[in-house]
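# Descriptive structure summary
Here is what each chain is made of, one letter per residue.
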Amino acid sequence: VGPIRRLPGSLIKPLLVYAPALEEDLISPATPVLDEKTDFGGYEPKNFSGTYSGYISVRESLAKSVNIPAVKILNSTGVSKAAEYMKKLGLEIPADDYSLALALGGMKEGFSLNELINAYSAFPNGGEYFSSGFIRKIVIDGRSAYHKNDRAMRVFSDDTAYLINDMLKTAAQSGTAKKLRPLALPIAAKTGTSGTSGNTDAYALSYTTEDCVGVWLGNADNSPMDITGGGLPCNIALKINEYLYSTHAPSDFVKPDGIESVTLDKAEYYATHNIMLADDDTPVEKRFSEIFKKSALPSVKSE
């Protein structure tokens, strides 16, 4: 019997949408994306809330798992290119599943929870993918019959991994995984829910520098349930993490040298949706900070 495969819902967004676009320097956490009803050549996705927010940042769109920006970003990256990153993460997407609906987890079979946890572990590992396993080695009569291959696969730069970690920390503080906020420790998280006429799969996946915890709830016969990823799965993830860190707290994600925090002009950002550096005369209340790759820093200063 093979692994149980289920549709990943929005759990796929960091892996397929945001990390590849960051790696390709198409977006930053501050990039504004217009969240509005959009027709992508006959494909008209909707936000889970049924509402639209206008321009929102990439950070907010990921933390709150807003659908339209995710589809727009995947459209910019290209499904084929994004799928190449997924393959390196051990998540191969069949060619007949290639469509923009992948941004929301729309596919035929999906993945096992273990495969998704493996893929997410690349983020706390600085962008390197390791396949997990329960058996490290097998020795028979003093001879090694099996030894697990722990060779790492570089999928994303450590800069991209850190940006994802930081944005998913926001998701655990004020986004769809905010039920984890009482933990008061450096933890990143993403939720996911899938189903058309009722929810059939609900996920909460969290990780620290020490552990990656995945929770899935669903029915074997795919019958619908009244559960979302940010609800009961998140509460279960909270209990597991409370147990894991009952006696200590994990260290925070280490910021690479290639990441820099800059101060931006808030008035310019919300009025014109341009990313501009704050000048020396910008009032404190008209500033906000965001992190960027040093290779993709904003250069224009507001006047």
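These lines cover the structure that appears in this document, whether it is placed above or below. (Residues numbered from 1 in each chain as written. Predicted model: local features only at pLDDT ≥ 70, side-chain atom pairs only at ≥ 80, totals over all residues. Heavy atoms only, no water.)

### Here's the deal with unusual backbone geometry
This is how the line gets drawn: Helix numbering and strand numbering both begin at the N terminus, where a helix is a DSSP run of H or I of at least 4 residues and a strand a DSSP run of E of at least 2. Throughout this description, buried means an accessible area under 20% of the type-specific maximum (1.4 Å probe, protein chains only), exposed means over 50%, and partly exposed covers the range between.
Despite not being glycine, Ala184 has its phi angle at roughly 50°, a positive value. Note on placement: Ala184 falls in the loop between helix H6 (158-174) and strand S7 (188-194). For Ala184, a relative accessible area of 70% translates into the label exposed. Phi at His273 is positive, roughly 65°, even though this residue is not glycine. Tracing the backbone through its elements, the reader meets His273 in the loop between helix H8 (266-272) and strand S11 (287-293).

### A few points about the packing of helix H1 (residues 13-23) against H6
What counts, and what does not: Lines are fitted to the C-alpha atoms to define the axes, a helix being fitted only along its stretch in contact, and any angle between axes, read from their N-to-C directions, falls within 0 to 180 degrees. Should an angle fall under 35 degrees it is called roughly parallel, over 145 degrees roughly antiparallel, and 65 to 115 degrees roughly perpendicular, with every other angle called oblique. By convention the crossing between two helices is left-handed if the near helix lies anticlockwise of the far one by an angle smaller than a right angle, and right-handed if it lies clockwise. Contacts are assigned to residue pairs that have any heavy atoms within 4.5 Å of one another. Each residue is assigned to one class: nonpolar for Ala, Val, Leu, Ile, Met, Phe, Trp, Tyr, Cys and Pro, charged for Asp, Glu, Lys and Arg, and polar for all the others, Gly among them.
As a packed pair, H1 and H6 sit with axes 9 Å apart at the nearest point and diverge in direction by 130°. Classified by the angle their axes make, H1 and H6 are oblique. In the crossing of H1 with H6, the sense of the turn from one axis to the other is right-handed. Here H1 contributes Pro14, Tyr18, Ala19, Leu22 and Glu23 to the contact with H6, which in turn contributes Thr160, Leu163, Ile164, Met167 and Leu168. A breakdown of the residues in the contact of H1 with H6 according to their chemical character gives eight nonpolar, one polar and one charged.

### Here's the deal with the packing of aromatic side chains
Test applied: When two rings of Phe, Tyr or Trp (its six-membered ring) have centres within 6.5 Å they constitute a pair, described as stacked for plane angles under 30 degrees, edge-to-face for angles over 60, and tilted for the intermediate range.
Evaluation of the coordinates by the stated rule reveals nine aromatic pairs. With a centroid separation of 5.9 Å and an interplanar angle of 90°, the aromatic rings of Tyr120 and Phe123 are classed as edge-to-face. A relative accessible area of 0% places Phe123 in the buried class. Measuring from centroid to centroid gives 5.9 Å for Phe123 and Phe156, while their planes differ by 20°, and the two rings are stacked. Linking Phe123 in the loop between helix H5 (113-120) and strand S3 (128-129) with Phe156 in the loop between strand S6 (153-154) and H6, this pair joins segments that are 33 residues apart in sequence. Three or more aromatic residues joined by ring pairs form one cluster here, namely Tyr85, Tyr120, Phe123, Phe156, Tyr207 and Phe253.

### Topic: the packing of H1 against helix H3 (residues 67-77)
Where H1 meets H3, the axes come as close as 9 Å, and the angle between the chain directions of the two elements is 55°. Here H1 lies oblique to H3, going by the angle between them. In terms of crossing hand, the pair formed by H1 and H3 is left-handed. Contacts between H1 and H3 pair Lys13, Leu16, Val17, Tyr18, Pro20 and Ala21 from the former with Asn67, Ala70, Ile73, Leu74 and Thr77 from the latter.

### Topic: the sheet that holds S7
Condition: Being paired, for any two strands, means DSSP has found at least two bridges between them.
Spatial ordering of the open sheet is given by S7-S8-S9, a layout of three strands whose pairing is antiparallel. One side of each edge strand has no neighbouring strand; the edge strands of this open sheet are S7 and strand S9 (212-218). Strand-to-strand twist of the sheet, defined as the mean angle between neighbouring strand axes without regard to direction, takes the value 10°. Pairing geometry for strand S8 (residues 201-207) and S9, over seven bridges, is antiparallel. Across the sheet, Tyr207 pairs through a bridge with Cys212, a residue of S9. Packed onto the sheet, H6 meets S7 and S8 and runs at close to 70° relative to S7.

### Structural notes on the pairing of S7
Most of S7 sits out of view: six of its seven residues are buried. Here S7 pairs with S8 via seven bridges, running antiparallel. The partner of Ala188 across the bridge, within S8, is Tyr207. Counted between consecutive antiparallel strands, the loop separating S7 from S8 contains six residues, among which Gly195 sits at a positive phi close to 140°.

### Section: the side chain of Ser302
Note the cut-off: N or O atoms within 3.5 Å of each other form a polar contact, as long as, within protein, one can give a hydrogen and the other can take it, and as long as residues adjacent in sequence are counted only when both atoms are side-chain atoms.
Mapped onto the elements of the fold, Ser302 is located in the segment after S11. Among the polar contacts listed, one links the side chain of Ser302 to the side chain of Asp265, at a separation of 2.8 Å. Contact partners of Ser302, with chain neighbours within four places excluded, come to Asp265, Glu268, Met276, Leu277 and Asp279.

### Observations concerning H3
Across the 11 residues that make up H3, a large majority, nine, are buried. Turning to H3, its buried residues are Asn67, Ile68, Pro69, Ala70, Val71, Lys72, Ile73, Leu74 and Thr77. Along its buried surface, H3 packs onto H1, strand S1 (32-35), strand S2 (54-57), helix H2 (58-63) and helix H4 (79-88).

Without other data, these values stay purely geometric and don't point to any function.
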